Amino acid sequence: MSLLSAEASAAGAPGILVPVVLSAAFLHASWNAILKFVSDKLAASLLMTLSGGVLAGIGAVLLPAPDRASWALLLVSAALHVGYFMMLIKTFEIGDFNQVYPLARGLSPVVVAVFATLLGDPMSRHQTLGIAVVCGGLTTLVFSAGRPKRAQGKALFWAAMTGLSIATYTVTDGIAVRHSGTAAGYTAWMMLAESTMMTAACVAIMVRRGRAPEGVGVLPTLRKLSRGDVVRGVIAGALSLFAYGLVLWAQTRGALAAVSALRETSVIFGAALGSVFLREPFGRYRIFAAVAIASGILILEAA
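Description of the structure in this document. (Residues numbered from 1 in each chain as written. Predicted model: local features only at pLDDT ≥ 70, side-chain atom pairs only at ≥ 80, totals over all residues. Heavy atoms only, no water.)

1. A few points about the nonpolar core
Point 1. With 48 residues, the main nonpolar core has Y84, Y186, M190 and Y244 as its most contacted residues.
Point 2. Residue contributions to this core peak at ten residues, all from helix α7 (residues 183-208).
Point 3. Counting 13 residues, the second-largest nonpolar core is a separate cluster that includes L35, A43, L47 and M48. (Core = buried A, V, L, I, M, F, W, Y, C linked by side-chain atoms within 4.5 Å. Buried < 20%, exposed > 50% of the residue type's maximum accessible area, 1.4 Å probe, protein only. Helix = DSSP H or I, 4+ residues; strand = E, 2+ residues; numbered from the N terminus.)

Take a look at the structure:
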């Protein structure tokens, strides 16, 4: 029996699933763009985690609890999300954003497609073609700033590891949410667990860096953020919660690989937001990538 068969009501991503996942991709790109404005990324990440956790806690009280069949994988997914975030930080510390981020996000749909097929969620020819076109557009972004330099090798390695972690938690969530009986409840409980683990991880990093001896000083660290950064952090936390909730809902109704590929269009949304608000050049490579990704989306929608 397929591990991914439970509660999946469609083989592809037709109808409303495409705009839903594209909306999630836009929200994902938006909170990433918001965090780029904040100078203290660690403190802002902690604030974002706490605000998202509060909203998730409210949801956990008001929404139906996920079925026990999904509890173990829910905790595994929360831990994988924390590991992904730590690897993402490592990647951004040593690599150029415009190359490592597209690689991390572009690799994951390919790995998800392989995992999903092995777990009994095969793709049609149209879906395979659509995913290939989307991934090709995403890969183009990796080389939009030219060929990676040798010094970027380590950064590209960590970007690839980040992409693998994204694929791993995507498949884990895809299995768990289809056995949870409630996508909304699963989202709330998973994000609450992730927030708890992520808060502990952020505090541990602060302790290691001497910014919060023995865990004391976390609140003073947050108080150092400007009022604008606090607002941005809270908004980013809310956008992150809703973005992933939409993706999890889509995973209960569409092919996992197709949903994953559509979600990674956040890279194009991020490039567009960076061009408009951060004055970053869009360039011919990004235009080509955008056209390729749009074409892939149309193929997926027609599948």
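2. So, the side chain of T162
Point 1. Here T162 is to be found in helix α6 (residues 153-178).
Point 2. On the basis of relative accessibility, which here comes to 1%, the residue T162 falls in the buried class.
Point 3. Filtering out sequence-adjacent residues up to four positions away, T162 remains in contact with Y84, M87, L88, T91 and A104. (Contact = heavy atoms within 4.5 Å.)

3. Quick look at a nonpolar patch on the surface
Point 1. There is a patch of nonpolar side chains on the surface, built from V54, L55, I58, V61, L62 and L63 and spanning about 570 Å² of accessible area.
Point 2. Within the element layout of this structure, L62 appears in helix α2 (residues 41-62).
Point 3. On the accessibility criterion, L62 (69% relative accessible area) is exposed. (Patch = residues over 30% accessible without salt bridge, like charges linked within 9 Å, V, L, I, M, F, W, Y side chains within 5 Å. Areas by Shrake-Rupley, 256 points an atom, 1.4 Å probe, with all protein chains shown as cover. Salt bridge = Lys/Arg side-chain N within 4 Å of Asp/Glu carboxyl O.)

4. Remarks on the environment of I299
Point 1. For I299, the position within the fold is in helix α12 (residues 283-302).
Point 2. Linking I299 and G130, residues 169 residues apart in sequence, is a C-alpha distance of 5.1 Å.
Point 3. Excluding anything up to four places from it in sequence, I299 contacts H126, L129, G130 and V133.

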